[in-house]
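Observations on the model geometry
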Amino acid sequence: MNRVTNSMTSRTTLRDLNMSLGRLQQHQANLSTGRVIRKVSDDPTAAVDAMAIRNELRRADQRNRSLNDAQGWLQTADTALVSGLDILARVKELTVRASSTGVGDPSVQYAIATEISGLRSELLSIGNTKYLDRPVFNGTAEGVAYNTTTGVYQGNDSVVLREVAPGTVMSANLTGEQVFGTQAGVGGDLFAVLDRLQTAILASDSTAMAAEHSNLDTATKRLAAAAAEIGTRGGRIDNLRNRAAVDQLSMSERLSGLEDADIAEALLDVRASENAHNAALQAAARVLPASLLDYLR
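Analysis parameters
- Residues numbered from 1 in each chain as written.
- Predicted model: local features only at pLDDT ≥ 70, side-chain atom pairs only at ≥ 80, totals over all residues.
- Heavy atoms only, no water.
- Axes fitted to C-alpha atoms, helices over the stretch in contact; angles between N-to-C directions.
- Helix = DSSP H or I, 4+ residues; strand = E, 2+ residues; numbered from the N terminus.
- Parallel < 35°, antiparallel > 145°, perpendicular 65-115°, else oblique.
- Left-handed = near helix turned anticlockwise from the far one by under 90°.
- Contact = heavy atoms within 4.5 Å.
- Nonpolar A, V, L, I, M, F, W, Y, C, P; charged D, E, K, R; others polar.
- Buried < 20%, exposed > 50% of the residue type's maximum accessible area, 1.4 Å probe, protein only.
- 1 Å grid on protein atoms, 1.4 Å probe; cavity = no way out; pocket = protein on both sides within 12 Å on 5 of 7 lines; lining within 4 Å.
- Points joined across faces, edges and corners; volume = space filled by probe spheres on them.
- Expected span 1.5 Å × (residues − 1).
- Arc of directions from axis to C-beta.
- Patch = residues over 30% accessible without salt bridge, like charges linked within 9 Å, V, L, I, M, F, W, Y side chains within 5 Å.
- Areas by Shrake-Rupley, 256 points an atom, 1.4 Å probe, with all protein chains shown as cover.
- Salt bridge = Lys/Arg side-chain N within 4 Å of Asp/Glu carboxyl O.
- Phe/Tyr/Trp six-rings, centres within 6.5 Å; stacked < 30°, edge-to-face > 60°.
- Pairing = 2+ DSSP bridges.

With that out of the way, let us pick up the packing of helix α2 (residues 44-99) against helix α5 (residues 190-202). At a minimum axis distance of 11 Å, the contact between α2 and α5 shows a crossing angle of 25°. By the angle between their directions, the pair α2 and α5 is classed as roughly parallel. Seen from above, α2 lies across α5 with left-handed handedness. Mapping the contact onto sequence places Leu88, Val91, Thr95 and Ala98 in α2 and Leu190, Leu194, Leu197 and Ile201 in α5. Considering only residue class, the contact of α2 with α5 consists of seven nonpolar, one polar and no charged.

Turning our attention to the side chain of Thr175. Of note, Thr175 is situated in the loop between β4 (168-171) and α4 (176-180). Using a relative accessible area of 5% as the deciding quantity, one classes Thr175 as buried. If we ignore the near neighbours within four places in the chain, the residues touching Thr175 are Phe137, Gly139, Tyr153, Asn156, Asp157 and Ser158.

What follows concerns the layout of surface pockets. Looking at the largest pocket, its volume works out to about 180 Å³. Contributing to the lining of the largest pocket are 14 residues, with Arg63, Ala165, Pro166, Ala244 and Asp247 lying nearest its centre. Sort the elements by how many residues they give to the lining of the largest pocket and helix α6 (residues 206-259) lands first, with six residues.

An α-helical segment advances 3.6 residues per turn. Residues three or four places apart therefore align on the same side. Taking 1.5 Å of rise per residue, the 22 residues of helix α3 (residues 106-127) would be expected to cover 32 Å, and the 31 Å separating its terminal C-alpha atoms lies within 8% of that figure. Looking at α3, one finds that the buried residues are Gln109, Ile112, Ala113, Ile116, Leu119, Arg120, Leu123, Leu124, Ile126 and Gly127. The buried residues of α3 all sit within an arc of 150° when viewed along its axis, so they share a single face. Structural note: α3 exposes Tyr110 and Ser125 on the side pointing more than 90 degrees away from its buried face.

Right, let's get into the side chain of Asp69. With respect to the helices, strands and loops of the structure, Asp69 is situated in helix α2. Excluding residues within four positions of it along the chain, Asp69 makes contact with Tyr131, Leu132 and Arg162.

A cluster of nonpolar side chains, Val159, Leu161 and Val169, forms an exposed patch at the surface whose accessible area comes to about 260 Å². On the secondary structure map, Val159 appears in the loop between β2 (134-135) and β3 (161-165).

In this model, Asp133 sits at a positive phi of 65°, which is unusual for a non-glycine residue. Following the sequence through the fold, Asp133 ends up in the loop between β1 (130-131) and β2. The exposure class of Asp133 is exposed, given its relative accessible area of 63%.

Attention now goes to the packing of aromatic side chains. Aromatic ring pairs are reported here in terms of the distance separating the ring centres and the angle at which the planes meet. Summed over the entire model, instances satisfying the criterion amount to six aromatic pairs. Both rings, one in Tyr146 and one in Phe180, keep their centres 5.7 Å apart while their planes meet at 85°; by these two values the pair is edge-to-face. A residue pair is termed long-range when its members are at least 10 positions apart, and Tyr146 in the loop between β2 and β3 and Phe180 in helix α4 qualify at 34 residues. By relative accessible area, Tyr146 is classed as buried at 0%. Chaining the aromatic ring pairs together yields one cluster made of Phe137, Tyr146, Tyr153, Phe180 and Phe191.

Turning to the pairing of β4, a few remarks are in order. The side chains of a regular strand alternate, first on one face of the sheet and then on the other. For β3 and β4, the ladder comprises four bridges, and the chain directions are antiparallel. The residue of β4 that forms the bridge with Ala165 is Thr168. Remark: two residues form the turn of the hairpin made by β3 and β4, two consecutive strands paired antiparallel; Gly167 in that turn has positive phi of roughly 75°.

A few words now on the packing of α2 against α3. α3 packs onto α2 with a crossing angle of 165° between their chain directions and a minimal axis gap of 10 Å. Taken together, the axes of α2 and α3 lie roughly antiparallel to each other. Crossing geometry of α2 relative to α3 is assigned as left-handed. When α2 is examined against α3, the residues Ala80, Ser83, Gly84, Ile87, Leu88, Arg90, Val91, Leu94, Thr95, Arg97 and Ala98 are found in contact with a partner set consisting of Val108, Gln109, Ile112, Glu115, Ile116, Leu119, Glu122, Leu123 and Ile126. Split by residue class, the contact of α2 with α3 holds 12 nonpolar, four polar and four charged.

This is the structure we're talking about:
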């Protein structure tokens, strides 16, 4: 027959009190932090799942930054190209006027050529449009895309790539040669066309004006196609952003389901743990033997 000693009773009682206090502290921590997982040992399986979701959320944040950057590039280019089309519409109007029968006054021709020169300068500024201090139509080269005096393209044909979805990379730019044409191509680029058009107008050369009018139409179609391409990419970016927002919300809800405490339930757990611990203290007070201090009081 085993003998139950006072020390055994004390150790058992103190162990149970410590366990009761631990449960109370755990529930109080759940309530105060609003989380049921604060370290891996709280729930290893849920903690591993939560870490995986957090890693995916970090990757999603990085993709969001890429999406925002790509959208910035595309919006800047879109605004520039729309402005360019407006300018080309005015150039076409002036070209038609210069080509019209009866418009042979040198002062009028000079005024038209001068305005076209100013519009060419505006188009060069559009060609050198920047986003976050980086030329939009320069490929990946340093410096401005076009020489502001000669109109020579100084960029390259590289693309600016951004990851916009898992496993999906999109080009966020068009090069100047894609937008304004190449100097080595038939008729040259837009700026060469405008240079020749000014010369033809000043010389009242109707044949040359007709030829450059045709080249201007080609350049306008090219610019319009570039604007349409930029708009299409911008629309895709908007769709991807909406989808990414839904995915992130879903992941955040899953993470919340794993880590966050139900406040009402946590409050009930604290109250129940407090009652249980108080009851254990009262029982322990009756069970534990009196000490010398009790006699000295």
